[in-house]
Amino acid sequence: MPSSALSTRAENTSRRLPKWAGSFGPQIVAGLVVGVILGLVARSLPAAADGNENWLVGTVHTIGTSYVKLLTVAVIPLVFTAIVSSIANLREVANAARLAVQTLLWFAITAFIAVVIGIVVGLLTQPGAHTTVSGEGKEPATTGSWWAFVTGLVPSNFLGLGAKTTVTEGVASTSLSFNVLQLLVVAAAIGIAALKVGAKAEPFLQFNASLLAIVQKVLWWIIRLAPIGTAALIANAVATYGWDAIGSLGWFTAAVYIGLALVFLVVYPVLIRAHGLSVRAFYSGVWPATQLGFVSRSSIGTLPLTERVTERNLGVPREYASFAVPLGATTKMDGCAAVYPAIAAIFVAEFYGVPLSVTDYLLIVVVSVIGSAATAGTTGATVMLTLTLSTLGLPLAGVGLLLAVEPIVDMGRTAVNVTGQALVPTIVAKREGILDEARYNAERTGDPFQDDDAVAAS
């Protein structure tokens, strides 16, 4: 068959495909719908003969966790190469220092607004007074510390890797983890050193740029699997937690989601409009990362996609996005470090009958604005909450009271975190006149996640 006939046949076939089949965003939505259905089916199936989870729950759990692991694996090479490359490219940007200051300032501004909303919602809903939880909670094994920020800045090794060995029934297993904040410090130091070295460092910078292009290509392949990963993750959440776990903490859960909704649906749109940008364009651009953050419950796991949508959909320059988004993934947490600890602290105080003064509420604000950086070495809402409670002198055992709904509220918290991590670079880029507004306002048709070659050819 002639090649022209083959191309015509392929074109006719593509025309018969539904629009969502070739568009990434709708595929993610389809994954969410399929995931909910699979989760409901999995919940209806009987448990295995040995009492363990049924085969469908096990399958979606394995697929979902494997996908998050794939994303997480891409974080180390992406952050390192992107930071080094961005520092090398920032020599062409006259206001690099100003960009960094503006970024940190807007991290603090949005955190301040979010924690105030959390306090107001907590005072109005009084979640601790409407709970039927009884008994004492268990103190968490890991707690926040104001020294964590300082110690977290000091790399323990070249990639900030850490190892933890646990012994279960006489069998030892070791798991590796990495500290993104330490990785940022190492990459920044190497990037600055390369600039100081000058011409002799050009081969290294060229190699780093080539490695970054390769990492982005691999990352592109991983991102294309997001609809499958989304379906598995949401199916596992529905099958494992459902809404039964809310139980006596329903009022607290509702209060947290009300606070998150106010930040997501009111504060962010107001800030976007205040800077003369389209709210619809922002949410259509960031939505894939927001969705993945919701189902994966991991800002770090979603980091590669967050950086991609910030750069490709929202028009933030790569040189700036590759610095601001990884920094935000470790220190910008409006859900985990602002709304949630404020409401949770009020819950714990009401549960134990400890009155909070105006000074205590001011302390909650201070901890939320500064504390996300202080706990960046051990990022997590539980660690952030322990820092807040210890600062207020409240019982840390209160953390254990809330563990039953932790996975459910964590989904909403992470979605807000990820959205805020894309919002701030967009606002700063707009304020500094470096935002590509044509790309920001572009219609979200087809596939917005074309790889570099496709974009260059267009």
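Residues numbered from 1 in each chain as written. Predicted model: local features only at pLDDT ≥ 70, side-chain atom pairs only at ≥ 80, totals over all residues. Heavy atoms only, no water.

**What to know about the overall build of the protein**
Looking only at helices and strands, the protein features 19 helices and two strands. Considering the protein as a whole, with its 458 residues, one finds that 50% of them fall into the buried category. In the protein, once contacts between residues fewer than 6 apart in sequence are set aside, the share between residues at least 24 apart is 83%. Counting only carbon and sulfur atoms, one obtains 65% of the accessible surface of the protein, whose full area is about 20300 Å². (Helix = DSSP H or I, 4+ residues; strand = E, 2+ residues; numbered from the N terminus. Buried < 20%, exposed > 50% of the residue type's maximum accessible area, 1.4 Å probe, protein only. Contact = heavy atoms within 4.5 Å. Areas by Shrake-Rupley, 256 points an atom, 1.4 Å probe, with all protein chains shown as cover.)

**Considering empty space enclosed by the protein**
The tally for this structure, following the rule as stated, stands at two cavities of 30 Å³ or more. The volume enclosed by the largest cavity comes to roughly 80 Å³. As for the largest cavity, its lining consists of ten residues, of which Gln 216, Leu 219, Glu 307, Arg 308 and Glu 311 are closest to the centre. If you list the elements that add at least two residues to the lining of the largest cavity, you get helix 7 (202-223) and helix 11 (299-312). Split by residue class, the lining of the largest cavity holds three nonpolar, one polar and six charged. There is about 50 Å³ of room inside the second largest cavity. Secondary-structure elements contributing two or more residues to the lining of the second largest cavity are helix 3 (55-89), helix 7 and helix 12 (318-331). Class assignment for the residues of the lining of the second largest cavity results in three nonpolar, five polar and two charged. (1 Å grid on protein atoms, 1.4 Å probe; cavity = no way out; pocket = protein on both sides within 12 Å on 5 of 7 lines; lining within 4 Å. Points joined across faces, edges and corners; volume = space filled by probe spheres on them. Nonpolar A, V, L, I, M, F, W, Y, C, P; charged D, E, K, R; others polar.)

**Notes on the pattern of salt bridges**
Counted under the stated rule, the structure contains nine salt bridges. Across the salt bridge formed by Arg 98 and Glu 432, the nearest N and O atoms sit 2.9 Å from each other. Of the two residues, Arg 98 sits in helix 4 (residues 96-125) while Glu 432 sits in the loop between helix 17 (406-431) and helix 18 (437-440), which places them 334 residues apart along the sequence. Residue Glu 432 is classed as buried on the basis of its relative accessible area of 17%. Two residues, Glu 443 and Arg 280, come together in a salt bridge whose shortest N-O distance is 3.6 Å. Here Arg 280 lies in helix 10 (residues 279-296) and Glu 443 lies in the loop between helix 18 and helix 19 (452-457), a separation of 163 residues in the sequence. Classification of Glu 443 by relative accessible area gives exposed; the value is 54%. Three or more residues joined by partner-sharing salt bridges are found here, namely Arg 297, Glu 406, Asp 410 and Arg 413. (Salt bridge = Lys/Arg side-chain N within 4 Å of Asp/Glu carboxyl O.)

**Examining the packing of helix 4 against helix 17**
Axis separation between helix 4 and helix 17 bottoms out at 9 Å; the angle between their running directions is 130°. In this view, helix 4 runs oblique relative to helix 17, as classed from their interaxial angle. Two packed elements cross with a definite hand, and for helix 4 against helix 17 that hand is right-handed. On helix 17, the residues touching Leu 99, Gln 102, Thr 103, Trp 106, Phe 107 and Thr 110 of helix 4 are Val 424, Ile 427, Val 428 and Arg 431. Residues of the contact of helix 4 with helix 17, tallied by class, amount to six nonpolar, three polar and one charged. (Axes fitted to C-alpha atoms, helices over the stretch in contact; angles between N-to-C directions. Parallel < 35°, antiparallel > 145°, perpendicular 65-115°, else oblique. Left-handed = near helix turned anticlockwise from the far one by under 90°.)

**Quick notes on the packing of helix 11 against helix 17**
For the pair helix 11 and helix 17, interaxial distance at closest approach is 10 Å and the crossing angle is 35°. Once helix 11 is placed against helix 17, the crossing between them reads as right-handed. Between helix 11 and helix 17, the contacting residues are Ser 299, Thr 302, Thr 306 and Thr 310 on the first element and Thr 414, Asn 417, Val 418, Gln 421, Ala 422 and Pro 425 on the second. Here the contact of helix 11 with helix 17 is composed, by residue class, of three nonpolar, seven polar and no charged.

**Description of the packing of aromatic side chains**
According to the stated counting rule, one finds seven aromatic pairs in the structure shown. Look at Phe 264 and Trp 287: their rings are 6.4 Å apart centre to centre, the planes differ by 50°, and that puts the pair in the tilted class. Note that Phe 264 is positioned in helix 9 (residues 250-274) and Trp 287 in helix 10, a separation of 23 residues in sequence. A relative accessible area of 36% means that Trp 287 is categorised as partly exposed. Among the aromatic side chains, those forming a connected cluster through ring pairs are Phe 252, Tyr 340, Phe 347, Phe 351 and Tyr 352. It is Arg 413 that lies over the ring of Tyr 340; its NZ or CZ is 4.3 Å from the centre. (Phe/Tyr/Trp six-rings, centres within 6.5 Å; stacked < 30°, edge-to-face > 60°. Lys NZ or Arg CZ within 6 Å of the ring centre and 35° of its normal.)

**Things to note about the environment of Val 116**
With respect to the secondary-structure elements, Val 116 resides in helix 4. Here the alpha-carbon distance between Val 116 and Tyr 361, two residues 245 residues apart in the chain, equals 9.1 Å.

**Some thoughts on unusual backbone geometry**
A positive phi angle, near 45°, is found at Gln 126, a position not held by glycine. By relative accessible area, Gln 126 is classed as partly exposed at 37%.

**Considering helix 12**
For helix 12, spanning 14 residues, the distance from its first C-alpha to its last is 20 Å, which sits close to the expected 20 Å at 1.5 Å a residue. Among the 14 residues of helix 12, eleven are classified as buried, and the element is accordingly described as predominantly covered. Turning to helix 12, its buried residues number three or more, namely Tyr 320, Ala 321, Ser 322, Ala 324, Val 325, Pro 326, Leu 327, Gly 328, Ala 329, Thr 330 and Thr 331. (Expected span 1.5 Å × (residues − 1).)

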